[in-house]
Amino acid sequence: MSQFLDIFKGIKSCCPPIWFMRQAGRYLPEYLEVRKRCKGFLDLCYNPELAAEVTLQPLKRFPLDAAIIFSDILVIPHALGQKVSFEEGTGPKLDPLSLDSFEERLTFKNFFKNAAPVYQTIHLTKSRLSPSKALIGFAGAPWTLALYMIEGEGSRDFAKAKGQAFENEKVFTALLDYLSEVVSLHLIEQVKAGVQTLQLFDTWAGLCPATHFEKWITSPTRKIVSNLSEAFPNLPFIGFPKGIGTNLGEYVTQTKISGVSLDISTPISWATENLPSSLILEGNLDPVLLVAGGESLKKAIFSIHEEMQGRPYIFNLGHGILPQTPPSHVETCVQIVKGLR
Ligand code: CP3
């Protein structure tokens, strides 16, 4: 019934299903309008009525095949009791976690109560979404979450957080283990509330050294995938380990994830040659091409389709939509993809 979900059942449709990472957000005037009504970004994430409205906004404009629930990966540290805020123009700010005291500082006690609005958003959205559209739930992967939690803010290299991880590998690994459990429980609750597929964002996976890749990226991810498949066999699960290059092969075989979202630097030809043919591929279009539009965008769309060589895939970007993206370019992109054969 849903072109998106059919892909995972081996049912191929005429053209690839399409959605965009960060498809709800600041490039849409109607999002900015709703955003103005909330004091902080987290207030919007925790307001089921408004979060459901924002989730559905991109689908009202464009014939996309999936809606991704409007929330944020940093809802997890927040629901565990860490102070999180989003300041205009500077990104997230967290009260930095010290590795030594993470067990005292974080508490699961009120997690489900704190995160309840997310599950209510899912209920509301699902009741308003056509069954031909898939509803995507998500979480941040433990590594990416831990980097933000320790660093206290976004960073180019997360040197402070990584420094603490190397100095205290045992405790850092324990934190990742703890987060693997929390992420699993949060995702299970999302599925119970109505999402039909999941995406795990490991935006900073590329900052993990190869020597620790198994311990800090694949092992926590494998635990999450395994917990979810135990609870919900055959649930489509897409990983987005950004920037890991050829480690993607190991990521896929070790985690048993059912799909991967490719960043802009992974050649699709490499992915089709080196990753299992049963794996669902997604992504890869440079978000800047969606800003540029015109012939360069068109050429890039055709090139992705050609490189996929008839293999079922999901059309998406290699990272999130940029705020300066003209909505008309998004519309053109969806139209072109819907015409692909
Ligand atoms: O439409 C969707 O994709 C659903 C909602 C969504 C948001 N964040 C909303 C958001 C999703 C899936 C995320 C994931 C997320 N959040 C990631 C992983 C994916 C990625 O983009 O790498 C990360 C690393 C975060 C943490 C985060 N949230 C940062 C670093 C920022 C600041 C940067 C920015 O774009 O402003 C946010 C804020 C945020 N999350 C916004 C939105 C729409 C913008 C805040 C605003 O509207 O004021």
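Let me sum up the structure you'll find in this document. (Residues numbered from 1 in each chain as written. Predicted model: local features only at pLDDT ≥ 70, side-chain atom pairs only at ≥ 80, totals over all residues. Heavy atoms only, no water.)

A closer look at the packing of helix α8 (residues 142-151) against helix α10 (residues 169-193)
- Two elements in contact, α8 and α10, have axes separated by 9 Å at closest approach and are oriented at 115°. Seen from above, α8 lies across α10 with right-handed handedness. Mapping the contact onto sequence places Pro 142, Trp 143, Leu 145, Ala 146, Met 149 and Ile 150 in α8 and Phe 172, Leu 175, Leu 176, Leu 179, Ser 180 and Val 183 in α10.
- Taken together, the residues of the contact of α8 with α10 sort by class into 11 nonpolar, one polar and no charged. (Axes fitted to C-alpha atoms, helices over the stretch in contact; angles between N-to-C directions. Helix = DSSP H or I, 4+ residues; strand = E, 2+ residues; numbered from the N terminus. Left-handed = near helix turned anticlockwise from the far one by under 90°. Contact = heavy atoms within 4.5 Å. Nonpolar A, V, L, I, M, F, W, Y, C, P; charged D, E, K, R; others polar.)

Observations regarding the environment of Gly 293
- Topologically, Gly 293 is positioned in the loop between α14 (287-292) and α15 (294-307).
- Classification of Gly 293 as buried rests on a relative accessible area of 4%.
- Measuring from C-alpha to C-alpha, the distance between Gly 293 and Ala 134 comes to 27 Å, with 159 residues separating the pair along the chain. (Buried < 20%, exposed > 50% of the residue type's maximum accessible area, 1.4 Å probe, protein only.)

Points about the environment of Val 183
- With respect to the helices and strands, the residue Val 183 is situated in helix α10.
- With 43 residues separating them in the primary sequence, Val 183 and Gly 140 have C-alpha atoms 7.6 Å apart.
- Discounting residues that sit within four places of it in the chain, Val 183 has contacts with Ile 76, Ala 139, Gly 140, Leu 145, Leu 200 and Ile 224.

A closer look at the nonpolar core
- By size, the foremost hydrophobic cluster in this structure holds 122 residues, and its most contacted members are Phe 4, Phe 20, Val 260 and Cys 333.
- At 10 residues, α10 tops the list of elements feeding residues into this core. (Core = buried A, V, L, I, M, F, W, Y, C linked by side-chain atoms within 4.5 Å.)

Considering the pairing of strand β7 (residues 259-262)
- Here β7 shows no split at all, with Gly 259 and Ser 261 on one side and Val 260 and Leu 262 on the other all buried.
- Looking at chain direction, strand β6 (residues 237-241) and β7 are connected through two bridges and run parallel. If you follow Ile 238 over to β7, its bridge partner there is Gly 259.
- This β-α-β element, β6 to helix α12 (residues 248-255) to β7, shows right-handed connectivity.
- Inspection of the sheet shows β7 paired to strand β8 (residues 280-283) by four bridges, in the parallel sense. (Pairing = 2+ DSSP bridges. Right-handed = clockwise from strand over helix to strand, strands pointing away.)

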